[in-house]
Amino acid sequence: MTEIILTQYQGKILGPIAKLIGYIMNALYMFLDSTFGVQNIALCIILFTVIIYILMFPLTYKQQKFSRLSQEIQPEINAIRDKYKNKKDQASIQKMNEETQMIYQKYGVSTMGSCVQLLINMPILLAMYQVIRNIPAYVSSVKDIYTPLVEKIVSVDGYQNTMKAFLKESGVGAVKLNFEDATTTMNSIIDVLYALPSHGWDLLKDSFAGLTDVINTTEATMAHLNNFFGINIANSPLNLIKTGWGDKDFILIIGAILIPLVSYGSQVLNIKLMPNAAAASAGDNDAMAKQMKTMNTMMPLFSLFMVFSLPVGLGIYWIAGSVIRCIQQLILNRYMKDLDLEVIIEKNKEKVKKKKEKKGIYENQIANAARINTRKIAEPISTAEKEEKIREREEYAKSARSGSLLEKANMVKEFNERNNK
């Protein structure tokens, strides 16, 4: 496995998003600790998920409204497709796209309506992965828990060689040590400690025998901090299953298997509650309906296999998001059931009409200005005005100084006139 430093991810897009998530997670951790005396990262992840989906609820509402309006205008879209069904040339395809776009504009529906939430949620999910795989790098309150132990480690003579030997023996191959300076050294050791499997702490006690007490304290605190119903959220279900099998801990194995299964089940339930899923099932002959049906089948399976190999914390985020979306969907389904689509369509048409009118006025103003300027340029000059301008140029030419460019131009002009006679 390629060695990497797990300290903060430096990507130009996901890096800043991960840092922002880290700030929010740290604030949630401090709030739970100071208000309720609770120190638990899993609970912070759940609260963070609730906040994210509450903030995204307006987008969810727009997406659902788009889906309902799309169902209303679908007959017109299908009519256009049927019109160009057997025409594969570029001109016909372009014309079909233009007519389809005009239908969407007529009803005031944006073709991006169903994509915005996905475009927002995907970077958050990817950045969340960077945060959960190394919580101390982003949540300073958790990093502070490791600091006393790391300070003790770096005060031991020959700690660098000891840590290198310990890292090789512990089997944490995805992390490397970096002793470039004091800050980097501290961060890289914390990276190693956070990535330790359960048996790694015993190896650490053997490597630093004089630090047993502080190691035990740090291990107990982090076990409580990362605990979610007996599961360490920093590990993946796959690793937990391997550990449980080696320790004959079948409860751990069952818990590790449940995380991906619950993720899959919650995704399936969320999709079934969505109105466009019913439309996809009903319209099996429609190409788009078939694509939607395929996506609705593949997405839960994708989450099932991904959650097996990713940290449990990310699975918790996925599950919490699905549960919250299910609750939101139940509310929206009830609201959408009583929604008067005709009124919304008429309002959208009116908005589009006003936009077109404003655009038309603006374009008319530009066209009028262009016509005025063109008219001024194209106005004819009288013969008297032409003769006057010629006389002025000739008088100016006669006043040329000796050796000037104007005198030379006059000489060339006289030469041409003599030869043309």
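All values reported here derive from a predicted model rather than from experimental measurement.

Criteria and thresholds
Residues numbered from 1 in each chain as written. Predicted model: local features only at pLDDT ≥ 70, side-chain atom pairs only at ≥ 80, totals over all residues. Heavy atoms only, no water. Helix = DSSP H or I, 4+ residues; strand = E, 2+ residues; numbered from the N terminus. Buried < 20%, exposed > 50% of the residue type's maximum accessible area, 1.4 Å probe, protein only. Contact = heavy atoms within 4.5 Å. Areas by Shrake-Rupley, 256 points an atom, 1.4 Å probe, with all protein chains shown as cover. Patch = residues over 30% accessible without salt bridge, like charges linked within 9 Å, V, L, I, M, F, W, Y side chains within 5 Å. Salt bridge = Lys/Arg side-chain N within 4 Å of Asp/Glu carboxyl O. Lys, Arg positive; Asp, Glu negative; His and termini not counted. Charge placed at Lys NZ, Arg CZ, Asp CG, Glu CD. Axes fitted to C-alpha atoms, helices over the stretch in contact; angles between N-to-C directions. Parallel < 35°, antiparallel > 145°, perpendicular 65-115°, else oblique. Left-handed = near helix turned anticlockwise from the far one by under 90°. Phe/Tyr/Trp six-rings, centres within 6.5 Å; stacked < 30°, edge-to-face > 60°. Lys NZ or Arg CZ within 6 Å of the ring centre and 35° of its normal. Arc of directions from axis to C-beta. pLDDT = per-residue confidence, 0-100. Expected span 1.5 Å × (residues − 1). Bend = angle between axes of the 7 residues up to and from the residue.

Side note on the overall build of the chain
Logical step 1: Check the secondary structure of the chain and you find 19 helices and 2 strands.
Logical step 2: By residue count, 37% of the 421 residues in the chain fall in the buried class.
Logical step 3: Look at the contacts in the chain between residues 6 or more apart in sequence, and 73% of them connect residues 24 or more apart.
Logical step 4: If you sum the accessible surface of the chain, you get close to 25700 Å²; carbon and sulfur atoms cover 60% of it.

Considering a positive patch on the surface
Logical step 1: A surface patch of like charges, here positive, comprises Lys 62, Lys 347, Lys 351 and Lys 355.
Logical step 2: Among the elements that make up the positive patch, the one with the highest residue count is helix α17 (residues 341-378) (3 residues).
Logical step 3: You can see Lys 355 is positioned in helix α17.

Things to note about the packing of helix α7 (residues 140-154) against helix α9 (residues 182-194)
Logical step 1: Orientation of α7 relative to α9, taken along the N-to-C sense of each, is 110°, at an axis distance of 10 Å. Compared by their axis directions, α7 and α9 come out roughly perpendicular. The crossing of α7 and α9 is right-handed. Residue-level inspection shows Lys 143, Tyr 146, Thr 147, Leu 149, Val 150, Glu 151, Ile 153 and Val 154 of α7 in contact with α9, the latter providing Thr 185, Met 186, Asn 187, Ile 189, Ile 190, Leu 193 and Tyr 194.

Things to note about the packing of aromatic side chains
Logical step 1: The tally for this structure, following the rule as stated, stands at 8 aromatic pairs.
Logical step 2: For the pair Phe 228 and Phe 229, a centre-to-centre distance of 4.9 Å together with 80° between the ring planes defines the contact as edge-to-face.
Logical step 3: The ring of Trp 245 carries the charged tip of Lys 248 above its face, separated from the ring centre by 5.5 Å.

Some details on helix α12 (residues 237-247)
Logical step 1: Restricting attention to buried positions, one finds in α12 the residues Pro 237, Leu 240 and Gly 244. Down the axis, α12 shows its buried residues gathered within 55° of arc, on one side only. Residues of α12 that are exposed and point over 90 degrees away from its buried face: Lys 242, Trp 245 and Gly 246.
Logical step 2: Backbone geometry just after α12 places Lys 248 at a positive phi near 55°.

Comments concerning the environment of Leu 125
Logical step 1: Relative to the helices and strands, Leu 125 is located in helix α5 (residues 116-132).
Logical step 2: With relative accessibility at 15%, the residue Leu 125 sits in the buried group.
Logical step 3: As for Leu 125 and Leu 14, which are separated by 111 residues in sequence, their C-alpha atoms are 9.7 Å apart.
Logical step 4: Leave out the neighbours within four places in its chain, and Leu 125 touches Leu 314, Tyr 317 and Trp 318.

Some words on the environment of Ser 266
Logical step 1: The residue Ser 266 is located in helix α13 (residues 250-273) in this model.
Logical step 2: Separated by 60 residues in the primary sequence, Ser 266 and Cys 326 place their C-alpha atoms 8.1 Å from one another.
Logical step 3: The contacts of Ser 266, once residues within four sequence positions are left out, are Ile 319, Ser 322 and Cys 326.

With respect to the pattern of salt bridges
Logical step 1: Counted according to the given criterion, the structure contains 3 salt bridges.
Logical step 2: Linking Lys 83 and Glu 99 is a salt bridge whose minimum nitrogen-to-oxygen distance equals 3.2 Å. Here Lys 83, found in helix α3 (residues 57-83), pairs with Glu 99, found in helix α4 (residues 90-106); they are 16 residues apart in sequence, far enough to count as distant.
Logical step 3: With a closest N to O distance of 3.4 Å, Glu 219 and Lys 205 form a salt bridge. Remark: Lys 205 occurs in helix α10 (residues 200-207) and Glu 219 occurs in helix α11 (residues 212-225); sequence separation between them is 14 residues.
Logical step 4: Salt bridges linked by common partners bring Asp 202, Lys 205 and Glu 219 together as one network.

A look at unusual backbone geometry
Logical step 1: Positive phi outside glycine occurs at Phe 229, with the angle close to 55°.
Logical step 2: One can find Phe 229 in the loop between β1 (227-228) and β2 (231-232).
Logical step 3: The exposure class assigned to Phe 229 is exposed, which follows from its relative accessible area of 74%.
Logical step 4: Here the phi dihedral of Lys 248 falls at roughly 55°; this positive angle occurs in a residue that is not glycine.

Thoughts on the environment of Ile 319
Logical step 1: Its place among the elements puts Ile 319 in helix α16 (residues 312-337).
Logical step 2: For Ile 319, a relative accessible area of 14% corresponds to the buried category.
Logical step 3: Separated by 55 residues in the primary sequence, Ile 319 and Tyr 264 have C-alpha atoms spaced 8.4 Å apart.
Logical step 4: Every residue in contact with Ile 319, bar those within four places of it in the chain, is listed here: Ile 259, Val 262, Ser 263 and Ser 266.

As for the confidence of the model for the chain
Logical step 1: The predicted model of the chain averages 81 in pLDDT, with 76% of residues at 70 or higher.
Logical step 2: For residues 372-378, every residue scores under 50 in pLDDT, and the model assigns this stretch 0 contacts once sequence neighbours within four places are set aside.

Structural notes on α7
Logical step 1: Taking 1.5 Å per residue as the helical rise, α7 with its 15 residues ought to reach 21 Å, and the 20 Å between its terminal C-alpha atoms agrees with that figure.
Logical step 2: The sharpest bend along α7 reaches about 35° and sits at Tyr 146, with the proline Pro 148 one to four residues further on.
Logical step 3: All of the buried residues in α7 are Ser 141, Val 142, Ile 145, Tyr 146, Thr 147, Leu 149, Val 150 and Ile 153.

Quick look at a nonpolar patch on the surface
Logical step 1: Taken together, Ile 254, Ile 257, Leu 258, Leu 261 and Val 262 make up a surface patch of nonpolar side chains, about 410 Å² in accessible area.
Logical step 2: On the secondary structure map, Val 262 appears in helix α13.
Logical step 3: The partly exposed category is assigned to Val 262, whose relative accessible area is 41%.

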